[in-house]
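Residues per chain, in single letters:
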Amino acid sequence: MKKFFSVVSAVPLSASLWAQAPQSFSYQAVIRGGNNVLVANKPVGMKISLLQGSEKGKAVYVETHKPTSNENGLVSIAIGGG
């Protein structure tokens, strides 16, 4: 019984050794213009910065995206893939 338990517990442990962190994560935003009207079906430029410490911290990662919004003003990007 001990051998069976050892084998059963070793399988999930060994599977976790091959696991990798994802290379990107999803982000969605609704884009509105200065007059609060949806920006629909238009190309949008986005700059993503990950800052260290606070909103005024040093940028440790920066990327740009140029998605096109849909009819509802929604854009979807993968941060880490820009």
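Note that this is a predicted model, so its numbers are computed, not measured.

K.L.:
Even after reading the chapter, I still don't get the overall build of the protein chain, so can you show me in this structure?
P.N.:
Looking only at helices and strands, the protein chain has one helix and four strands in total. Start at the N end of the protein chain and walk to the C end: the helices and strands fall as α-β-β-β-β. Across the 82 residues that make up the protein chain, the buried fraction comes to 16%. Long-range pairs, those at least 24 residues apart, make up 48% of the contacts in the protein chain with a sequence separation of at least 6. Looking at the protein chain as shown, the accessible area adds up to about 6700 Å², and 58% of this sits on carbon and sulfur atoms.

K.L.:
Honestly, the environment of His 65 in this entry has me stumped. Any pointers?
P.N.:
Position of His 65 relative to the elements: it lies in strand S3 (residues 59-65). Since its relative accessible area comes to 12%, His 65 is described here as buried. Note: C-alpha distance between His 65 and Lys 47 (18 residues apart in sequence) is 6.4 Å. Setting aside chain neighbours within four positions, we find His 65 in contact with Val 44, Gly 45, Met 46, Ile 48, Ile 77, Ala 78, Ile 79, Gly 81 and Gly 82. Of note is the side chain of His 65, whose polar atom sits 2.6 Å from the side chain of Glu 63.

K.L.:
So what exactly am I meant to see when it comes to the side chain of Glu 63 here?
P.N.:
As for its position among the elements, Glu 63 is in strand S3. Beyond its immediate chain neighbours, meaning those up to four positions away, Glu 63 contacts Met 46, Lys 47, Ile 48, Ala 78, Ile 79, Gly 80, Gly 81 and Gly 82.

K.L.:
How do you make sense of the nonpolar core when you look at a structure like this?
P.N.:
Ranked by size, the top nonpolar core spans eight residues in total: Ala 29, Ile 31, Val 44, Met 46, Ile 48, Val 75, Ile 77 and Ile 79. Listed by contribution, the elements that provide at least two residues to this core are strand S2 (46-51) and strand S4 (74-79). No other element matches the three residues that S4 contributes to this core. Setting aside its immediate chain neighbours within four residues, Ile 77 contacts Phe 25, Ser 26, Tyr 27, Met 46, Ile 48, His 65 and Pro 67.

Conventions adopted
Residues numbered from 1 in each chain as written. Predicted model: local features only at pLDDT ≥ 70, side-chain atom pairs only at ≥ 80, totals over all residues. Heavy atoms only, no water. Helix = DSSP H or I, 4+ residues; strand = E, 2+ residues; numbered from the N terminus. Buried < 20%, exposed > 50% of the residue type's maximum accessible area, 1.4 Å probe, protein only. Contact = heavy atoms within 4.5 Å. Areas by Shrake-Rupley, 256 points an atom, 1.4 Å probe, with all protein chains shown as cover. Polar contact = N/O pair within 3.5 Å; in protein donor to acceptor, adjacent residues only side chain to side chain. Core = buried A, V, L, I, M, F, W, Y, C linked by side-chain atoms within 4.5 Å.

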